[in-house]
There are 2 protein chains.
Amino acid sequence: MVAHAGVRNRPIGVFDSGVGGMTVLHELLVALPHEDFLYLGDTARFPYGDRTREELQAFCAEIGEELVARGAKLLVIACNSATAAALSDLQERFASAGIDVIGVVTPESQAAVVATHTGRVGLLATPATVGSAAYERAIASADAHVRLTSVACPDLAPIIQNGFPFDEQVMATVRGYCRPLAEAQVDTVILGCTHYPLVRPMLQRMLGPRVTLIAPGAAVARRVECALEARGLSSDRATEGDYRFLCTGDPEVFRAIGTRFMQMPLTSVEQVELLPAGSRSADLVAGES
Amino acid sequence: MVAHAGVRNRPIGVFDSGVGGMTVLHELLVALPHEDFLYLGDTARFPYGDRTREELQAFCAEIGEELVARGAKLLVIACNSATAAALSDLQERFASAGIDVIGVVTPESQAAVVATHTGRVGLLATPATVGSAAYERAIASADAHVRLTSVACPDLAPIIQNGFPFDEQVMATVRGYCRPLAEAQVDTVILGCTHYPLVRPMLQRMLGPRVTLIAPGAAVARRVECALEARGLSSDRATEGDYRFLCTGDPEVFRAIGTRFMQMPLTSVEQVELLPAGSRSADLVAGES
């Protein structure tokens, strides 16, 4: 399939509940330096980890439509809770427009199955992600002999999003999350929330030197590259891509924490008000014509 | 050799000009969880990157004696400028006391030679390190066919030590450092200052997906493990080790930036006044008897 030249150079849309998805965005910027990116952090409704499946499906539909209305040629759900709840829903929603939607659960599960030697894999994730059993299904589908031990970490994403004060209380909380994984003698741990790679050093120390930590960024970046190639949608420019940021909460807070996490200036941050899903299907069609 | 039980459980001494050496300390904590550590940041005399060889040899002798007087059973120079200037000097100084001194240049150079496919390796380092030609010698000794392209980065360690504001000016400065490496078409880049792994995401984006970044932490940790084993000096405890911090500058500034970089609370930070080297050789002997 050969796409219209204008479509090739549209941005890739990436979204998360906050700044955690920037760990995925970083890997995308490394792997695809000539692509433009449009990142949306739904900071006004952070965290997603305690939301219901229905809420997350509604949020993802609104965000997906916003990003597509702004020209996104592909969507990345850079949030595990949202992927677990809404990936197939979003894929169906945008299939007719030829817009692929890529999530973080399957690439991460496959990487964990490849990494483990003992067949004992651990998962640290939000209550919503653990409750969805999405990783159980993805792991079982990748290798039925791998046993998954899941731990819900209700406080970890908020600790990170709020700039993680590394005090004794935080350390004790995180140690408590790691304990069941040590008891289960896992040799591989899936960081099942895109915020968690930001505290990889702390987690690696607590889990010990013989545990491999799996983060989704690099595997997701390869999937995006393949998906763009398959549709003839890779950027044909040789210059460095552009990146813009949207958020639903305070843009200055987002800029400050995002600049630190991304290690680059977030020059363009715009606060956006999301519309109910379906209220502008005309834009969508126009965008794709 | 079987060491006295008390010696086995003494701390490992680790030092740097500032907080950069914490990237090495982190890998040591992961690899050797039962060891105690005593870290000294010579923050009052930061940065080391513009110091002469003679100055660095004097600083390292003072710090080495301080750490040994406080019981260190092995020393790690977690600073490339100091390693390049003073490693052999410090090794000679403590040889008779049976105290090994391990630096960062050789482990990193060997890792780079193993990683490169094209034989074109780059080095980002301080002016002192580049001027010493220590990496040229270490690389040539590891593989005479590998070509090294070195770039002195006078501003990068200070930018990181001061909490790196990721603004456009910083980005332009760092881009300028990376440009000669892109022109030389290197496929492997040595992060030749222990501060630089703290901005690995930024450097990976600027250097591109096909460049492998080499940091010394993991290779240094393996050398320390081997050296302790060889002397029968590994800790024989099963409990988690203890870590304490010393600095020559403001301890509160050190605690704040160190807590963020280490991702753990620095509960014990002591400001220390270093004595001229040689002024307490009696303590040294007493410590080893």
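Residues numbered from 1 in each chain as written. Chains lettered and ligands numbered in written order. Predicted model: local features only at pLDDT ≥ 70, side-chain atom pairs only at ≥ 80, totals over all residues. Heavy atoms only, no water.

Asks: Describe in detail the interface of chain A and chain B, supporting the description with residues and values.
Replies: Taken residue by residue, the interface counts 26 residues in chain A and 27 residues in chain B. Here chain A meets chain B over a buried area of about 2,200 Å², counting both sides, of which 59% is carbon and sulfur. In terms of surface lost to chain B, no three residues of chain A exceed Phe166, Arg205 and Gln263 of chain A, which account for 35% of the buried area on that side. Our count for the chain A to chain B interface comes out at two salt bridges. The partner of Glu240 of chain B in a salt bridge is Arg175 of chain A, with the nearest N and O atoms 3.3 Å apart. Summed over the shared surface of chain A and chain B, the number is twelve residue pairs in polar contact (both at pLDDT 80 or more). Elements with a minimum of two residues in the side of chain A that touches chain B: α2 (22-31), α9 (168-183), α10 (200-207) and α12 (251-262) of chain A. Here the side of chain A that touches chain B takes five residues from α10 of chain A, the largest share from any one element. Partitioned by chemical class, the residues of the side of chain A that touches chain B number 14 nonpolar, five polar and seven charged. (Contact = heavy atoms within 4.5 Å. Buried area = accessible area lost by both parts, 1.4 Å probe. Salt bridge = Lys/Arg side-chain N within 4 Å of Asp/Glu carboxyl O. Polar contact = N/O pair within 3.5 Å; in protein donor to acceptor, adjacent residues only side chain to side chain. Helix = DSSP H or I, 4+ residues; strand = E, 2+ residues; numbered from the N terminus. Nonpolar A, V, L, I, M, F, W, Y, C, P; charged D, E, K, R; others polar.)

Asks: Which residues make up the environment of Thr126 of chain B, and what values go with them?
Replies: All names here are of chain B. Tracing the chain through its elements places Thr126 in the loop between β5 (120-125) and α6 (127-132). Thr126 gets classed as buried once you look at its relative accessible area, which sits at 7%. Other than its neighbours up to four places away in sequence, Thr126 contacts Gly49, Ser81, Cys193 and Tyr196. Separated by 2.7 Å, the side chains of Thr126 and Ser81 make a polar contact. (Buried < 20%, exposed > 50% of the residue type's maximum accessible area, 1.4 Å probe, protein only.)

Asks: Lay out the layout of surface pockets in plain terms, naming residues and giving numbers.
Replies: Volume-wise, the largest pocket comes out at about 1,800 Å³. Around the largest pocket, the lining comprises 49 residues; the ones closest to its centre are Arg200 and Pro201 of chain A together with Pro197, Arg200 and Pro201 of chain B. By residue number, the principal contributor to the lining of the largest pocket is helix α2 (residues 22-31) of chain B, which donates six residues. Looking at side-chain class alone, the lining of the largest pocket contains 28 nonpolar, twelve polar and nine charged residues. Looking at the second largest pocket, its volume works out to about 840 Å³. Around the second largest pocket sit 35 residues that line it, and Arg205, Gly208 and Pro209 of chain A together with Pro33 and His34 of chain B are the ones nearest its centre. Of all the secondary-structure elements, those providing two or more residues to the lining of the second largest pocket are α9 and α10 of chain A together with α2 and α11 (217-230) of chain B. Considering each element in turn, the lining of the second largest pocket owes the most residues, six residues, to α9 of chain A. Considered class by class, the residues forming the lining of the second largest pocket number 19 nonpolar, seven polar and nine charged. (1 Å grid on protein atoms, 1.4 Å probe; cavity = no way out; pocket = protein on both sides within 12 Å on 5 of 7 lines; lining within 4 Å. Points joined across faces, edges and corners; volume = space filled by probe spheres on them.)

Asks: Report on the sheet that holds strand β10 (residues 269-271) of chain A, specifying residues and quantitative values.
Replies: Residue and element names in this part refer to chain A. Strand order in the open sheet made by the six strands is β4-β3-β1-β2-β9-β10, with parallel pairing throughout. A strand with exactly one partner marks an edge of an open sheet, and here the two such strands are β4 (100-102) and β10. Neighbouring strand axes in the sheet, compared pairwise and without regard to direction, differ in orientation by 20° on average. Across the sheet, α2 lies against β1 (12-16), β2 (37-41), β3 (74-77) and β9 (243-247), angled at about 175° from β2, the strand it touches most. (Pairing = 2+ DSSP bridges. Axes fitted to C-alpha atoms, helices over the stretch in contact; angles between N-to-C directions.)

Asks: Talk me through the sheet that holds strand β6 (residues 147-152) of chain A; I want residue IDs and the actual numbers.
Replies: Residue and element names in this part refer to chain A. The strand order across the open sheet built from four strands is β6-β5-β7-β8, with neighbouring strands paired in parallel fashion. Of all the strands in the sheet, just β6 and β8 (212-214) have a single pairing partner and so form its edges. When the angles between neighbouring strand axes are averaged without regard to direction, this sheet yields 25°. As defined by bridge partners, strand β7 (residues 188-192) adjoins β8 across three bridges and the pair is classed as parallel.

Asks: Which residues make up the relation of the copies chain A and chain B, and what values go with them?
Replies: The operation relating chain A to chain B is a screw motion whose rotation component is 180°, with 0.0 Å of axial translation and a residual RMSD of 0.0 Å. Expressed as an axis order, the relation between the two copies is that of a two-fold axis. A symmetric contact is evident, with 100% of the interface residues of chain A recurring at the interface of chain B. (Least-squares fit on C-alpha atoms with pLDDT ≥ 70 in both.)

Asks: Tell me about the packing of helix α9 (residues 168-183) of chain B against helix α10 (residues 200-207) of chain B, residues and numbers included.
Replies: Residue and element names in this part refer to chain B. Look at α9 against α10: their axes get within 10 Å of each other, and the N-to-C directions meet at 50°. With respect to their mutual orientation, α9 and α10 come out oblique. The interaxial crossing formed by α9 with α10 has right-handed handedness. Where α9 approaches α10, its residues Met171, Val174, Arg175, Cys178 and Leu181 are matched on the opposing element by Met202, Leu203, Met206 and Leu207. Across the contact of α9 with α10, the residue classes tally to eight nonpolar, no polar and one charged. (Parallel < 35°, antiparallel > 145°, perpendicular 65-115°, else oblique. Left-handed = near helix turned anticlockwise from the far one by under 90°.)

Asks: Can you break down α9 of chain B residue by residue, with the values?
Replies: All names here are of chain B. Taking 1.5 Å of rise per residue, the 16 residues of α9 would be expected to cover 22 Å, and the 22 Å separating its terminal C-alpha atoms lies within 8% of that figure. At Tyr177, α9 shows its largest kink, close to 30°, and the proline Pro180 lies no more than four residues downstream. For α9, the complete set of buried residues consists of Val170, Met171, Val174, Tyr177, Cys178 and Leu181. For α9, the elements touching its buried residues are β5, β6 (147-152), α8 (156-161), β7 (188-192) and α10. (Expected span 1.5 Å × (residues − 1). Bend = angle between axes of the 7 residues up to and from the residue.)

Asks: So what about the environment of Leu74 of chain A? Which residues, and what values?
Replies: As for its placement among the helices and strands, Leu74 of chain A is situated in strand β3. Spatially, the C-alpha atom of Leu74 of chain A lies 20 Å from that of Gly18 of chain A, the residues being 56 residues apart in sequence.

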